[in-house]
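Listed below, chain by chain, are the residues.
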Amino acid sequence: MTSNSTPGLTRFNTLADDEAATALHQVCASAAWGRAILSRRPYATAEALLRAGDAATAALTTEDLADAMAGHPPIGRPKPGDPASSREQRGMAGATEELRAEMLELNLAYRKRFGHVFLICATGATGEQMRDAVKSRIGNSPEQEREIVRTELGKINRIRLTRLVTEDA
């Protein structure tokens, strides 16, 4: 992303607070994250916005992370009518029935172990890569997994923030 301001960034900077909060909620469901981003507007560059997003993600408490994860559907089951969810999980679109069934089973086992949805930055990942990731992560300690989730959430937030300030209105 370039360091120059974009029309999308200008639009974001000038939105009313409630409209900006709604847009940010589509990026990340954590209200604390959204408040942190709003509090630093206006942003001179898209990179400054991304850095603020990274800082806000790093500052999330365990409860804030839970709020953020609540906004993400299980892998293999994108939110109906949500183009971002479908786009991000595109790697599962052509998955075999066997892979879909295996992901459902793994998602349930992961949720039982950690108490939340398996979160991965699925953009560009194949169904097999996502399956392998959940298999490798299910043995992590809750503390290890929380930090991996934070990293994955940060990747997702960056992609979504970039889209927010580069797409046409």
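Values in this document were obtained by computation on a predicted structure and should not be read as measured data.

So, the pattern of salt bridges: which residues are in play, and what are the values?
Tallying each qualifying case throughout the model produces nine salt bridges. Taking the shortest distance from any N to any O, the salt bridge between Glu 102 and Arg 131 comes out at 3.6 Å. Residue Glu 102 is found in helix α7 (residues 97–114), and its partner Arg 131 is found in helix α8 (residues 127–137); the two are separated by 29 residues along the sequence. Taking relative accessible area as the criterion, Glu 102 reaches 25% and is therefore assigned partly exposed. The structure contains a network of salt bridges with shared partners spanning Glu 102, Arg 131, Asp 132 and Lys 135.

Can you explain the state of the cysteines? Please cite residues and give values.
Summed over all chains, the structure comprises zero disulfides. You can see Cys 28 has no disulfide; the closest cysteine sulfur is in Cys 121, sitting 13 Å from it. A relative accessible area of 15% places Cys 121 in the buried class.

Which residues make up empty space enclosed by the protein, and what are the values?
Applying the stated criterion across every chain yields a total of one cavity of 30 Å³ or more. The computed volume of the largest cavity comes to approximately 130 Å³. Lining the largest cavity are 14 residues, with His 72, Glu 88, Ile 120, Ala 122 and Ile 156 positioned closest to its centre. At the level of elements, α6 (83–88) and α9 (142–166) are the ones that each hand at least two residues to the lining of the largest cavity. Considering every element that reaches the lining of the largest cavity, the biggest residue donor is α9, with three residues.

Tell me about the nonpolar core, and please be specific about residues and values.
One finds Phe 12, Trp 33, Ile 37, Leu 49, Ile 75 and Met 130 to be the most contacted residues of the largest nonpolar core, which totals 41 residues. Not counting residues up to four positions away in its chain, the partners in contact with Ile 75 are Gln 89, Met 92, Met 103, Asn 107, Phe 118, Ile 120, Ala 122 and Met 130.

Please set out the packing of aromatic side chains residue by residue, giving values where relevant.
Aromatic ring pairs are described here by two measures, namely the spacing of the ring centres and the angle between the planes. For the structure shown, the criterion picks out three aromatic pairs. Taken together, a centroid distance of 5.1 Å and an interplanar angle of 75° make the contact between Tyr 110 and Phe 118 edge-to-face. On the basis of relative accessibility, which here comes to 0%, the residue Tyr 110 falls in the buried class. By relative accessible area, which is 1% here, Phe 118 ends up buried. The structure contains a cluster of three or more aromatic residues connected by ring pairs, namely Tyr 110, Phe 114 and Phe 118.

Break down the side chain of Asn 157 for me, citing the residues and quoting the values.
By the secondary structure assignment, Asn 157 is in helix α9. In contact with Asn 157, other than residues within four places in its own chain, are Val 27, Cys 28, Trp 33 and Thr 57.

The rules we used
- Residues numbered from 1 in each chain as written.
- Predicted model: local features only at pLDDT ≥ 70, side-chain atom pairs only at ≥ 80, totals over all residues.
- Heavy atoms only, no water.
- Salt bridge = Lys/Arg side-chain N within 4 Å of Asp/Glu carboxyl O.
- Helix = DSSP H or I, 4+ residues; strand = E, 2+ residues; numbered from the N terminus.
- Buried < 20%, exposed > 50% of the residue type's maximum accessible area, 1.4 Å probe, protein only.
- Disulfide = S-S within 2.5 Å.
- 1 Å grid on protein atoms, 1.4 Å probe; cavity = no way out; pocket = protein on both sides within 12 Å on 5 of 7 lines; lining within 4 Å.
- Points joined across faces, edges and corners; volume = space filled by probe spheres on them.
- Core = buried A, V, L, I, M, F, W, Y, C linked by side-chain atoms within 4.5 Å.
- Contact = heavy atoms within 4.5 Å.
- Phe/Tyr/Trp six-rings, centres within 6.5 Å; stacked < 30°, edge-to-face > 60°.

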